[in-house]
Amino acid sequence: MIDVVAGIIWKDGRILLARRGKQKHLAGKWEFPGGKIELGESAEIALERELKEELSIQTRTEDFFDLNIHHYSSVSIKLQAYNSAYISGEICLSDHDKIEWVEIQDLLKYDFAEADIPLVYKLMQKFGYKDIN
Ligand SMILES: Nc1nc2c([nH]c(=O)n2[C@@H]2O[C@H](COP(=O)(O)OP(=O)(O)OP(=O)(O)O)[C@@H](O)[C@H]2O)c(=O)[nH]1
């Protein structure tokens, strides 16, 4: 099982989504940016480190949102999602090929990695979009 932390990064009422680049596992899928937690590292610090490495931005990890355990055919992941505040830095892509700042009601337009889908539904429900299946 791989421990992964992902950020629900907020700016001006929108959330940052990133699309996985061509050479990656789950290429072309949209995700909440983040990455693998290293041994001995807290989820909060891992998230800030990954966002700096992958997107070149400074963030502050805020509260825990939810976790989902998902079994892909090749790997099982424990995906922990945290709300995260964007602090500074201009986004510079390395592992992703596209980003978008998205309003909550538009989240379902994106083809998410499977492990993220329960998190997306929970997020939408939390903000009052209840009539979704
Ligand atoms: N960062 C991130 N990874 C996710 C999400 N959903 C999801 O299934 N994953 C999976 O979790 C794993 C860890 O993410 P990662 O971005 O560090 O993976 P990676 O293989 O690019 O890392 P690496 O190249 O440094 O080894 C990947 O298999 C990725 O597909 C998500 O929302 N955010």
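A quick note: this is a predicted structure, and the numbers were derived from the prediction, not measured.

Participant: So what about the site of the ligand? Which residues, and what values?
Facilitator: Inspection of the region around the ligand gives 19 residues, with Glu 31, Gly 34, Gly 35, Ala 113 and Ala 115 positioned closest. Elements supplying a minimum of two residues to the shell around the ligand: strand 1 (2-11), strand 4 (34-36) and strand 6 (76-88). Partitioned by chemical class, the residues of the shell around the ligand number eleven nonpolar, three polar and five charged.

Participant: Summarise the environment of Asp 106; cite the residues concerned and give the values.
Facilitator: Its location among the elements puts Asp 106 in the loop between strand 7 (96-102) and helix 2 (117-126). Residue class for Asp 106 comes out exposed when judged on the 12 C-beta atoms lying within 10 Å of it. When the C-alpha positions of Asp 106 and His 71 are compared, they lie 26 Å apart, and in sequence the two are 35 residues distant.

Participant: Tell me about the UniProt feature "domain: Nudix hydrolase" (unreviewed entry) in the protein, residues and numbers included.
Facilitator: Under the UniProt annotation, the feature "domain: Nudix hydrolase" (unreviewed entry) is placed at residues 1-125. Across residues 1-125 one finds 18% helix and 45% strand; the C-alpha atoms that close the span lie 28 Å apart.

Participant: Requested: an account of the pairing of strand 1, with residues and values cited.
Facilitator: Sheet topology note: the strand 1/strand 6 ladder contains nine bridges and is parallel. Among the inter-strand pairings, Val 5 is bridged to a residue of strand 6, identified as Gln 80. By the bridge criterion, three bridges tie strand 1 to strand 4 in an arrangement that is antiparallel. Bridge pairing in strand 4 places Ala 6 opposite Gly 34. In this antiparallel pair of consecutive strands, strand 1 and strand 2 (residues 14-20), the connection spans two residues, and Asp 12 shows a positive phi of 50°.

Participant: Residues and numbers for the nonpolar core, please.
Facilitator: Soluble globular proteins tend to pack their nonpolar side chains together in the buried interior. Core analysis: the biggest nonpolar cluster contains 27 residues, and Val 4, Val 5, Ala 6, Ile 8, Leu 17, Leu 79 and Ala 81 have the highest contact counts within it. Of all the secondary-structure elements, those providing two or more residues to this core are strand 1, strand 2, helix 1 (43-55), strand 6 and helix 2. When near neighbours in sequence (up to four residues on either side) are disregarded, Leu 17 contacts Trp 30, Phe 32, Ile 99, Glu 100, Val 102 and Tyr 110.

Participant: So, unusual backbone geometry: which residues are in play, and what are the values?
Facilitator: Note on backbone geometry: most residues besides glycine have negative phi, and most peptide bonds are trans. A positive phi angle is found at Asp 12, which is not glycine, with a value near 50°. Assignment of secondary structure puts Asp 12 in the loop between strand 1 and strand 2. The exposed category is assigned to Asp 12, around which 7 C-beta atoms lie within 10 Å.

Participant: Describe in detail helix 2, supporting the description with residues and values.
Facilitator: Looking at helix 2, one finds that the buried residues are Leu 119, Val 120 and Leu 123. Along helix 2, the residues classed as buried sweep out an arc of 100° about the axis, all on the same side. Among the structural elements, strand 1, strand 5 (58-71) and strand 6 are those in contact with the buried residues of helix 2. Looking at the residues trailing helix 2, positive phi occurs at Gly 128, about 95°.

Participant: Mind laying out the environment of Leu 17, listing which residues take part and the relevant values?
Facilitator: The residue Leu 17 is located in strand 2 in this model. With 50 residues separating them along the chain, Leu 17 and Leu 67 place their C-alpha atoms 17 Å apart.

Participant: Tell me about the confidence of the model for the protein, and please be specific about residues and values.
Facilitator: Here the protein shows a mean pLDDT of 96. Residues at 70 or above account for 97%. Scored as a complex, the prediction yields pTM 0.94 and ipTM 0.91.

Calculation notes
As a convention, each chain's residues are numbered from 1 in the sequence order in which they are written. Given that this is a predicted model, residues contribute local features only at a pLDDT of at least 70 and side-chain atom pairs are listed and counted only at 80 or more, while totals for whole chains, interfaces and linings are drawn from all residues. We count a residue as near a molecule or strand when its backbone-placed C-beta atom lies within 6 Å of that partner. We count a stretch as a helix when DSSP gives it H or I for four or more residues in a row; a strand needs E for two or more, and each element gets its number in order from the N terminus. Only Asp, Glu, Lys and Arg are considered charged, only Ala, Val, Leu, Ile, Met, Phe, Trp, Tyr, Cys and Pro nonpolar, and every remaining residue, Gly among them, polar. Partly exposed residues are those whose C-beta has more than 12 but fewer than 20 other C-beta atoms within 10 Å; 20 or more makes a residue buried and 12 or fewer makes it exposed, with C-beta atoms placed from the backbone. UniProt positions are given in the numbering used here, feature names are shortened, and annotations may be inferred rather than shown by experiment. Here, any two strands with at least 2 DSSP bridges between them count as paired. A set of buried Ala, Val, Leu, Ile, Met, Phe, Trp, Tyr and Cys residues, joined to one another through C-beta atoms within 7 Å, is what we call a nonpolar core. Our contact criterion uses C-beta atoms placed from the backbone: two residues qualify when those atoms are within 7 Å. The arc in question is the one traced by the directions running from the helix axis out to the C-beta atoms. For every residue, the predictor states its confidence as a pLDDT score lying anywhere from 0 to 100.

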